[in-house]
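For reference, the chains in residue letters:
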Amino acid sequence: QVQLAESGGGLVQAGGSLRLSCAASGLTFSSYTMGWFRQAPGKDREFVSAISRSGNTTYYADSVKGRSTISRDNAKNTVYLQMNSLKPEDTAVYYCATDNLELLSDFGVHAVSYWGQGTQVTVAS
């Protein structure tokens, strides 16, 4: 079965950086769109970023655009999220997700089939 394992979360000061990783197994990785979502306490899970199967196309939420970079290594079955200039409002559990979707704009909470367990990111002010 499809398994997604996130790592790289932690506590960081505002303005700092983190790189999240997500190792995937149980799927033909290069055939799946990959992405990240996050959920802050008391809030709904929200889209953060997605990347196409080849890695040539990326898509970001306005809240992280310009501060984050998503990438993937199809040889390692891994997707990454580099986050810079972190803000306290970035504090959340970050989830890796995947599905066999053609359009990155379709990569929404209710459209994605497979989820990781999440990794906590805490940004201190």
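Described in the following lines is the structure provided in the data block. What you are looking at is a predicted structure, and each value in this text was computed from that prediction instead of being measured. (Residues numbered from 1 in each chain as written. Predicted model: local features only at pLDDT ≥ 70, side-chain atom pairs only at ≥ 80, totals over all residues. Heavy atoms only, no water.)

1. Re the overall build of the chain
Stage number 1. Helix and strand counts for the chain stand at 0 helices and 11 strands.
Stage number 2. Tracing the chain from N to C terminus, the helices and strands come up as β-β-β-β-β-β-β-β-β-β-β.
Stage number 3. Considered along the principal axes of its C-alpha atoms, the chain spans approximately 40 × 25 × 25 Å.
Stage number 4. When each of the 125 residues of the chain is scored for burial, the buried share is 46%.
Stage number 5. Put simply, 60% of the contacts in the chain that link residues at least 6 apart link residues at least 24 apart. (Helix = DSSP H or I, 4+ residues; strand = E, 2+ residues; numbered from the N terminus. Buried < 20%, exposed > 50% of the residue type's maximum accessible area, 1.4 Å probe, protein only. Contact = heavy atoms within 4.5 Å.)

2. A closer look at the state of the cysteines
Stage number 1. Following the criterion strictly, the structure yields 1 disulfide and no others.
Stage number 2. Here cysteine 22 engages in a disulfide with cysteine 96; their sulfurs sit 2.1 Å apart. On the S-S bond that ties cysteine 22 to cysteine 96, the torsion sits near -80 degrees, and the link is left-handed. Taken as a pair, cysteine 22 in strand 3 (residues 18-25) and cysteine 96 in strand 9 (residues 92-99) lie far apart in primary sequence, 74 residues in all. Assigned by exposure class, cysteine 22 and cysteine 96 land together as buried. (Disulfide = S-S within 2.5 Å.)

3. Things to note about the packing of aromatic side chains
Stage number 1. Under the defined criterion, the tally for this structure stands at 5 aromatic pairs.
Stage number 2. When the centroid spacing of 5.8 Å and the interplanar angle of 80 degrees are considered together, the rings of phenylalanine 37 and phenylalanine 47 count as edge-to-face. Note that phenylalanine 37 is positioned in strand 4 (residues 33-39) and phenylalanine 47 in strand 5 (residues 46-51), a separation of 10 residues in sequence.
Stage number 3. When its relative accessible area of 0% is taken as the criterion, phenylalanine 37 is described as buried. (Phe/Tyr/Trp six-rings, centres within 6.5 Å; stacked < 30°, edge-to-face > 60°.)

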